[in-house]
Amino acid sequence: MASLSLRGIYKKYPGGFTAVKDVNLEITDKEFIILVGPSGCGKSTTLRMIAGLEEISEGELYIGDRLVNDIAPKDRDIAMVFQNYALYPHMTVYDNMAFGLKLRKVPKDEIDRKVKDAAKILDLSHLLDRKPKAMSGGQRQRVALGRAIVRSPQVFLLDEPLSNLDAKLRAQMRTEIAKLHQKLGTTFIYVTHDQTEAMTMGDRIVVMKDGIIQQVDTPQALYEHPCNKFVAGFLGSPQMNFIDAVLKKNGSKYAVEFGKHTVEIPESKVAPKLDSYVGKEVVLGIRPESVHDEEMYLSNATTGVIDCNVDITEMMGAETYLYLTCQGTPLTARVSPRSTAKSGDVIKVAIDPNRIHLFDKDDDTTIIN
């Protein structure tokens, strides 16, 4: 069993800086969990505490049912893959992958079998005699993964392993790591600041900010039901649009108003707590794919049609991004590649009222999703 339990974990440095605050997290056996957040949010520090490379200042860390706070990294049955690969330049691929096993005095024939099995899984069999400098970034990354695989650890820790690769290779390696997880059936804990990696690879995502866990959930649930404005803005590319608005009530109907525009709130989204926000400023959130410029949407829209200036258009192939300004507020729309909008145009767009989010203006918590 390679479940992990982080209970009230803190990391405090001399001088009073607290990098990680009260992290409570249960990771199940064979789960692929992603720690994501901006630089300096504490995700790598959390990973290093799990690895034993950083001391835990407060709290308890269990791997399986064993308390490992004071257990040396080599005895935790974990393997770590670093951002810079950390390969030995003077050794061949074979020797790099075998090195950890040799230190453990594993028999020669067993080392040979494990290295060759891992090389086969990672398509490295034809490169075993090469040295790292004669290899591409993607191949070196696979060697670093291979070195972890041969150890057959209970838990894999991966610290931004793809950040040094170019965009195309990164997309390819994302798929390879996801397949590897399925093949090995081991617990993976993966740190990244790239929300595309987080959304596409993990069973669950842990979103962190300033050393504090903001929300833990599946990629889909985080995307559709963020608990606050930070999570809503962090996940999704291009990011969610935020518009300062005022909540109004007319009879039993609620609407948000900004400038001369109104978006009515559908009955399905109405919640009792809306009453306490009537007449107050709120933040309206809408994702770019829910801002439409197609005639079909505009002609059927009963609310949320707004006038915008087109600042820039970006043709992405399968879709087009429109960067708009509506009464001084920037707005991004993700529309069909058939869109005819071009820079300098004044167009109408329809905000889908069924896809809006509302956030508290003061503490950024979610009012409705």
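Summarised in this report is the structure supplied together with it. A quick note: this is a predicted structure, and the numbers were derived from the prediction, not measured.

1. Structural notes on the overall build of the chain
Now for step 1: Each helix and strand counted, the chain has 9 helices and 21 strands in total.
Now for step 2: With the C-alpha coordinates of the chain rotated into their principal frame, the extents come out at 80 × 45 × 35 Å.
Now for step 3: The buried share among the 369 residues of the chain stands at 50%.
Now for step 4: Within the chain, contacts between residues separated by at least 24 positions form 67% of all contacts whose residues are at least 6 apart in sequence.
Now for step 5: In the structure as shown, the chain presents an accessible area of about 17,500 Å², 49% of it carried by carbon and sulfur atoms.
Now for step 6: Of the charged side chains in the chain, 47 are positive and 49 negative; the average position of the first set lies 7 Å away from that of the second.

2. Let's talk about the sheet that holds strand β3 (residues 32-36)
Now for step 1: An order of β6-β7-β8-β3-β9-β10 is seen for the 6 strands of this open sheet, with the pairing classed as mixed. Only two strands of the sheet have a single neighbouring strand rather than two, namely β6 (78-81) and β10 (212-217). Adjacent strand axes in the sheet meet at a mean angle of 15° when their direction is disregarded.
Now for step 2: Relative to strand β7 (residues 155-159), β6 runs parallel, the two sharing 4 bridges. Note on β7: the bridge partner recorded for Val-81 is Leu-158.
Now for step 3: Across the sheet, helix α4 (residues 137-149) lies against β6 and β7, angled at about 175° from β6, the strand it touches most.

3. Some remarks on helix α5 (residues 167-184)
Now for step 1: With 18 residues, α5 ought to run about 26 Å at 1.5 Å a step, and its terminal C-alpha atoms sit 26 Å apart, in line with that.
Now for step 2: Those residues of α5 that fall on the buried side of the exposure criterion are Leu-169, Met-173, Arg-174, Ile-177, Leu-180 and His-181. One side of α5 carries all its buried residues, which in axial view fall inside an arc of 145°. In α5, the exposed residues that point more than 90 degrees away from the buried face are Lys-168, Lys-179, Gln-182 and Lys-183.
Now for step 3: Along its buried surface, α5 packs onto β3, α3 (108-121), α4, β7, β8 (187-192) and α6 (195-201).
Now for step 4: Where α5 ends, the next residue or the one after it, Gly-185, has phi of about 60°, a positive value.

4. Some thoughts on the pattern of salt bridges
Now for step 1: On inspection of all chains with the given rule, the structure shows 19 salt bridges.
Now for step 2: Of the charged contacts, one joins Asp-29 and Lys-30 as a salt bridge, the two residues approaching to 3.3 Å between their closest N and O atoms.
Now for step 3: According to the relative accessible area criterion, Lys-30 is partly exposed, its value standing at 46%.
Now for step 4: When the shortest N-O distance is used, the salt bridge between Lys-74 and Asp-75 registers 3.5 Å.
Now for step 5: With a relative accessible area of 39%, Asp-75 lands in the partly exposed category.
Now for step 6: Residues joined by salt bridges that share partners form a network here, namely Lys-11, Arg-48 and Glu-54.

5. Description of the layout of surface pockets
Now for step 1: Each pocket or cavity is described by its volume, and for the largest pocket that value is around 510 Å³.
Now for step 2: Forming the walls of the largest pocket are 19 residues, and the residues nearest its centre are Met-80, Phe-82, Arg-104, Arg-147 and Arg-151.
Now for step 3: Among the residues making up the lining of the largest pocket, the classes are represented as 14 nonpolar, 1 polar and 4 charged.

6. Here we look at the nonpolar core
Now for step 1: Met-97, Val-115, Leu-145, Leu-158, Ile-177 and Tyr-190 are the most contacted members of the largest nonpolar core, which has 46 residues in total.
Now for step 2: Contacts of Leu-145, omitting those with residues within four sequence positions, involve Val-81, Leu-122, Phe-156, Leu-158, Met-173, Ile-177 and Leu-180.
Now for step 3: Judged by nonpolar contacts, the second largest core, of 32 residues, contains Ala-245, Val-282, Leu-284 and Ala-341.

The rules behind the values
Residues numbered from 1 in each chain as written. Predicted model: local features only at pLDDT ≥ 70, side-chain atom pairs only at ≥ 80, totals over all residues. Heavy atoms only, no water. Helix = DSSP H or I, 4+ residues; strand = E, 2+ residues; numbered from the N terminus. Buried < 20%, exposed > 50% of the residue type's maximum accessible area, 1.4 Å probe, protein only. Contact = heavy atoms within 4.5 Å. Areas by Shrake-Rupley, 256 points an atom, 1.4 Å probe, with all protein chains shown as cover. Lys, Arg positive; Asp, Glu negative; His and termini not counted. Charge placed at Lys NZ, Arg CZ, Asp CG, Glu CD. Pairing = 2+ DSSP bridges. Axes fitted to C-alpha atoms, helices over the stretch in contact; angles between N-to-C directions. Expected span 1.5 Å × (residues − 1). Arc of directions from axis to C-beta. Salt bridge = Lys/Arg side-chain N within 4 Å of Asp/Glu carboxyl O. 1 Å grid on protein atoms, 1.4 Å probe; cavity = no way out; pocket = protein on both sides within 12 Å on 5 of 7 lines; lining within 4 Å. Points joined across faces, edges and corners; volume = space filled by probe spheres on them. Nonpolar A, V, L, I, M, F, W, Y, C, P; charged D, E, K, R; others polar. Core = buried A, V, L, I, M, F, W, Y, C linked by side-chain atoms within 4.5 Å.

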